[in-house]
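Survey of secondary and tertiary structure
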Amino acid sequence: MKLLRPLFIVVGLLLAGAASLQAQTTINFTSPIGEIGKTSTGTDLDASFTFQLGSFGNFMPDSSNVADWASNFTVLGTVNWTEGLFSQYSGTGNLVNNNAPFTTSNQGFIWGYNTQVIGASTEWILLTNATWTFPTSGSQPTVDWTSTDGGTFAALGALNTLGADPYLQTANLLSAVPEPSTYALLAGLAMLGFVWFRRRAARA
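About the thresholds
- Residues numbered from 1 in each chain as written.
- Predicted model: local features only at pLDDT ≥ 70, side-chain atom pairs only at ≥ 80, totals over all residues.
- Heavy atoms only, no water.
- pLDDT = per-residue confidence, 0-100.
- Contact = heavy atoms within 4.5 Å.
- Phe/Tyr/Trp six-rings, centres within 6.5 Å; stacked < 30°, edge-to-face > 60°.
- Helix = DSSP H or I, 4+ residues; strand = E, 2+ residues; numbered from the N terminus.
- Buried < 20%, exposed > 50% of the residue type's maximum accessible area, 1.4 Å probe, protein only.

1. What to know about the confidence of the model for the protein chain
In regions of low pLDDT, the predicted coordinates are not meant to be interpreted in detail. Residues with a pLDDT of 70 or more make up 75% of the protein chain, whose mean pLDDT is 83. Contacts for the low-pLDDT stretch residues 6-21, under 50 throughout, to residues beyond four places or in other chains number zero contacts. Here residues 179-190 is a poorly scored stretch, pLDDT under 50, and it has two contacts once near neighbours within four places are set aside; other chains count.

2. Quick word on the packing of aromatic side chains
According to the stated counting rule, one finds 16 aromatic pairs in the structure shown. Ring geometry for F51 and W81: centres 5.7 Å apart, planes at 40 degrees, overall tilted. Of this pair, F51 sits in strand β3 (residues 50-55) while W81 sits in the loop between β4 (74-80) and β5 (90-95), placing them 30 residues apart in sequence. In terms of burial, F51 and W81 fall into one category: buried. Ring plane angle 80 degrees and centroid distance 5.1 Å describe the contact between F56 and F109, whose orientation is recorded as edge-to-face. Residue F56 is found in the loop between β3 and α2 (69-72), and its partner F109 is found in strand β6 (residues 107-113); the two are separated by 53 residues along the sequence. The residues F56 and F109 share a single accessibility class, namely buried. Aromatic ring contacts, followed pair by pair, group F56, F59, W69, F73, F109, W111, Y113 and W124 into a single cluster.

Shown next as structure tokens:
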């Protein structure tokens, strides 16, 4: 009986390991082989560009809150851009549970960048799709999220999936983010419009 006890433990561990593997879903995040990748200045992307699959949870990224992206982004998979004839990004992320922020209601994003430090040479692209919500872990062995999926768009940067030469293009972060003076100008114009509307309504 003493000899059987270690055997039961080993079998139990193997079964537990098999169950955990079955509960896992692999998300493949890719762009087509040979996709043209450019920076905002037209330079080819190189291996210094990182592409990450992940989730922002309840945080909604836009050009006004880029300084908060890194602290709100949870990474599921990371890969570098492949240069040359087979240029693309192609990585995987293993979804082992649906703990926040990878709940089934949350949207997935693919964030490409040369650096997360915001400066004059910072180049970012952010891709997403309304259908990219995290599946129930283990509900299927693999899920594919590609830049050519219908409805995929660049929330920052540019993406073209039409024609024979699909491309993506990063945006220079400082150019993509409005200056504080721009916000002030927009606010001023909105205030002028409101005053004009009130005066016109008072005359009527």
